[in-house]
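A closer look at the structure
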Amino acid sequence: NRRDFVLRLPVISTGALLGASTLSLTACGGVAYLVPRGGDGEMAVAASEVPEGGALVQGPGMERPVYLRRDDDGAYVALLARCTHRGCQPDPVGDRLVCPCHGSEYDLKGSVLQGPAEEPLTRYPVRIQGNDVIVLLRGGAR
Ligand code: FES
């Protein structure tokens, strides 16, 4: 929507110019947005840029961001922030992702806590390469 576009435009432009991931805070709940490097089905961000509460990572051309965070056991979890009910963007709120459209809620691993959504969020495999966290966009599964 227009609000999301206006909020993300400076981040996307800056990231494109620098060719590197760029950290920016949005007004929406203080969640960090990162612009990744990459292409060809992968996107990379520096592990040091992923804050404790996670970040929304969105490259040019992506309809919805990926919510990337480090779990309690140290493993990274990458979830497509696209509600499986009708496609709105759930926002990280405390220990869950809450969809603003019809109230679905997911836990931080993508499982449904509250409907109307019935399917979990799409989860992508993640690998660590040097100081980078690589999200493998072709390997998404529910
Ligand atoms: Fe998310 Fe309907 S689109 S609850």
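The rules behind each value
- Residues numbered from 1 in each chain as written.
- Predicted model: local features only at pLDDT ≥ 70, side-chain atom pairs only at ≥ 80, totals over all residues.
- Heavy atoms only, no water.
- Helix = DSSP H or I, 4+ residues; strand = E, 2+ residues; numbered from the N terminus.
- Buried < 20%, exposed > 50% of the residue type's maximum accessible area, 1.4 Å probe, protein only.
- Contact = heavy atoms within 4.5 Å.
- Areas by Shrake-Rupley, 256 points an atom, 1.4 Å probe, with all protein chains shown as cover.
- Disulfide = S-S within 2.5 Å.
- Pairing = 2+ DSSP bridges.
- Axes fitted to C-alpha atoms, helices over the stretch in contact; angles between N-to-C directions.
- Salt bridge = Lys/Arg side-chain N within 4 Å of Asp/Glu carboxyl O.
- pLDDT = per-residue confidence, 0-100.

So, the overall build of the protein
Within the protein, the regular secondary structure consists of 1 helix and 14 strands. The buried share of the protein, taken over its 142 residues, is 42%. Sequence-distant contacts, at least 24 apart, represent 34% of the contacts inside the protein between residues at least 6 apart. Of the roughly 7600 Å² of accessible surface on the protein, a fraction of 51% belongs to carbon and sulfur atoms.

Looking at the state of the cysteines
With the rule as written, the count across this model stands at 1 disulfide. Cys88 shares a disulfide with Cys101; S-S distance 1.9 Å. Here Cys88 and Cys101 share a disulfide; its torsion about the S-S bond, -90 degrees, makes the bridge left-handed. Of this pair, Cys88 sits in the loop between β7 (76-80) and β8 (91-93) while Cys101 sits in the loop between β9 (96-98) and β10 (105-107), and the two are 13 residues apart along the sequence. Given a relative accessible area of 18%, Cys88 falls into the buried group.

Overview of the side chain of Thr84
Note on placement: Thr84 falls in the loop between β7 and β8. The exposure class assigned to Thr84 is buried, which follows from its relative accessible area of 17%. With residues up to four places along the chain from it excluded, the contact list for Thr84 reads Tyr106, Ala117, Glu118, Glu119, Pro120, Leu121 and Arg142.

Topic: the sheet that holds strand β13 (residues 126-129)
Strand order in this open sheet of 4 strands is β3-β4-β14-β13, and the pairing throughout is antiparallel. For this open sheet the edge positions go to β3 (37-39) and β13, each flanked by a neighbour on one side alone. Geometrically, the sheet is characterised by an average inter-axis angle of 20 degrees between neighbouring strands, direction not taken into account. Of the pairings in the sheet, the one linking β13 to strand β14 (residues 132-136) comprises 4 bridges and is antiparallel in character. Looking at β14, one finds that Val126 is bridged to Val135.

Structural notes on the pattern of salt bridges
Within the structure shown, the criterion is met by 7 salt bridges. Of the charged contacts in the structure, one is a salt bridge between Arg96 and Asp95, with a shortest N-O distance of 3.4 Å. Counted as one network, the salt bridges with shared partners bring together Arg69, Asp71 and Lys109.

Brief notes about the sheet that holds β8
Read from one edge to the other, the open sheet built from 4 strands follows the order β8-β9-β10-β11, with strand pairing classed as antiparallel. Of all strands in the sheet, those bounded by a partner on one side alone are β8 and β11 (112-114). Strand-to-strand twist of the sheet, defined as the mean angle between neighbouring strand axes without regard to direction, takes the value 35 degrees. As defined by bridge partners, β9 adjoins β10 across 3 bridges and the pair is classed as antiparallel. Among the inter-strand pairings, Leu97 is bridged to a residue of β10, identified as Tyr106.

So, the confidence of the model for the protein
Mean pLDDT over the protein stands at 84; residues scoring 70 or higher make up 80%. Mean pLDDT values for the elements of the protein range from 45 in helix α1 (residues 2-18) up to 98 in β11. Predicted confidence is poor over residues 5-22, with pLDDT under 50, and the contacts of this stretch with residues over four places away or in other chains come to 27 contacts.

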